[in-house]
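# Observations on the three-dimensional arrangement
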Amino acid sequence: MEKGKVLVTGAAGYIGTHTAVKLINAGFGVVVVDNLSNSELSAIEGVREITGREIPFVQADCNDRAALEEVFRAHEFCGVIHFAASKAVGESVEQPLLYYGNNLGSFVTVLELMKEYGVPNIVFSSSATVYGQPDVLPATETTPRKPATSPYGNTKQICEDILRDSVAAYEGLNGIALRYFNPIGAHPSALIGELPKGVPNNLVPFITQTAAGVRECLSIFGDDYNTGDGTALRDYIDVVDLAKAHVVAVERMVGGDMKEQYEIFNIGTGRPVSVLELVRTFEKVNGVAVPYKIVGRRAGDVEAVWADTTLANTELGWKAERSLDETLRSAWKWEKHLRGL
Ligand code: UD1
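Residues numbered from 1 in each chain as written. Predicted model: local features only at pLDDT ≥ 70, side-chain atom pairs only at ≥ 80, totals over all residues. Heavy atoms only, no water.

Lining the immediate environment of the ligand, one finds 19 residues, of which Leu203, Ser219, Arg234, Arg298 and Asp301 sit closest. Between the ligand and the protein, one listed contact pairs an oxygen atom with a side-chain N or O atom of Ser127 at 3.1 Å. Residue Thr129 places a side-chain N or O atom 3.2 Å away from an oxygen atom belonging to the ligand. When the ligand is considered free in solution it has 740 Å² of accessible area, and contact with the protein chains removes 88% of it. Counting residues per element, the shell around the ligand draws most heavily on strand β8 (residues 218-221), which supplies four residues. Classifying every residue of the shell around the ligand by side-chain character gives nine nonpolar, seven polar and three charged. (Near = heavy atom within 4 Å. Polar contact = N/O pair within 3.5 Å; in protein donor to acceptor, adjacent residues only side chain to side chain. Areas by Shrake-Rupley, 256 points an atom, 1.4 Å probe, with all protein chains shown as cover. Helix = DSSP H or I, 4+ residues; strand = E, 2+ residues; numbered from the N terminus. Nonpolar A, V, L, I, M, F, W, Y, C, P; charged D, E, K, R; others polar.)

A few words now on the layout of surface pockets. Within this model, the second largest pocket holds a volume of roughly 190 Å³. For the lining of the second largest pocket, the secondary-structure elements that each account for two or more residues are β10 (236-238) and α11 (324-339). Counting residues per element, the lining of the second largest pocket draws most heavily on β10, at three residues. Tallied by class, the residues present in the lining of the second largest pocket amount to six nonpolar, six polar and five charged. (1 Å grid on protein atoms, 1.4 Å probe; cavity = no way out; pocket = protein on both sides within 12 Å on 5 of 7 lines; lining within 4 Å. Points joined across faces, edges and corners; volume = space filled by probe spheres on them.)

If you trace the seven strands from one edge of the open sheet to the other, you get β3-β2-β1-β4-β5-β6-β11, paired in parallel fashion. Where the open sheet ends on each side, the last strands, each with one partner, are β3 (57-59) and β11 (262-267). Taken over all neighbouring pairs, the strand axes of this sheet differ in orientation by 20° on average, direction set aside. Examined bridge by bridge, strand β4 (residues 79-82) and strand β5 (residues 121-127) share three bridges and lie parallel to one another. Residue pairing in the sheet places Val80 in a bridge with Ile122 of β5. Docked against the sheet, helix α5 (residues 96-117) engages β1 (5-9), β4 and β5, running at close to 165° with respect to β5. (Pairing = 2+ DSSP bridges. Axes fitted to C-alpha atoms, helices over the stretch in contact; angles between N-to-C directions. Contact = heavy atoms within 4.5 Å.)

Within this structure, the stated rule accounts for five aromatic pairs. The interplanar angle of 75° and the centroid separation of 5.9 Å between the aromatic rings of Phe282 and Trp332 together place this pair among those described as edge-to-face. Note that Phe282 is positioned in helix α9 (residues 275-286) and Trp332 in helix α11, a separation of 50 residues in sequence. Accessibility expressed as a relative area gives 7% for Trp332, which makes it buried. Members of the aromatic cluster, connected to one another through ring pairs, are Phe72, Phe77 and Tyr117. Here Lys115 stacks its cationic end above the ring of Tyr170, 4.9 Å away from the centre of that ring. Positioned above the aromatic ring of Tyr225, the side-chain terminus of Arg297 is 4.0 Å from the ring centre. (Phe/Tyr/Trp six-rings, centres within 6.5 Å; stacked < 30°, edge-to-face > 60°. Buried < 20%, exposed > 50% of the residue type's maximum accessible area, 1.4 Å probe, protein only. Lys NZ or Arg CZ within 6 Å of the ring centre and 35° of its normal.)

These figures come from the coordinates and say nothing about function on their own.
In structure tokens:
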């Protein structure tokens, strides 16, 4: 029997597709809403192929209240996972109103409809970006947030605050914010994965495209950081592990196991990895070369950030499981699938 129905907004995106698969495999019903502004219908096809299930899909913008209300009217949801958002840091600096409009507007609309239709649980996609450069590492959930360095980062902070305030004000509303560190990799089937439009901003898609010959050379942004090899440190979390964290969060809410009505969890591995270490590991486990050059630092980058995952481990009972080797193999398998290599 179905455990309950979950509305997944932005489910055609990178993390949304992987989460939809895990939800379905865990016995939840899934309804998908996406405006396809930064994703393809083929991603939903991938989810269908992996799960062997038809998935109700509505192409709609979460800012379109009337369209979204139809979805709330047509289904009874036990919870919502809200991924739908714009996510390019540079673009957000150039077009802040687009980001505030999309990311804040859609979140408020989703919460309003939840309130109106009595949907009690929401998981929000937050980001380690809310920590900026923490004074003390690893970052715990109580590590103070730093002022955001981009409108994108600011929308993540504001949405966390919107959720905190809404949960405090509206009886029966529960919220979990998951602060993702750096999601990478792809489903082992290579039927779903990250689909960056244009030149990738993120490291791993740039690496896989360079290995595939689509890009000539990877630029490593800075080797003069105060780290072991001078390149920046991040916490790279496998997207399948990350997807599982959402299922665990939904189960916690639906099962009435929350300690507070608003909870925050870091979702990472707890292990810092440098840019150079990532590149070399990718080359080693896949047996391919990634030509690279060292260039200047990228504006807005922090030196080092990684997660203290104790809370997620103990409270959620969730732990990152896939090794970095395995994750980087899956990233390459996905790129090869995309390029027909
Ligand atoms: C970025 C965003 C962050 C967002 C996250 C998820 C910035 C400043 N931060 O995190 O807000 O939540 O993506 O999408 O953009 N690197 C290279 N060469 C490249 C690309 C990246 O050396 O071509 C380096 C970066 O300098 C960084 C590391 O690789 O040290 C990871 O970069 P990236 O994948 O873009 O993630 P973040 O910058 O950590």
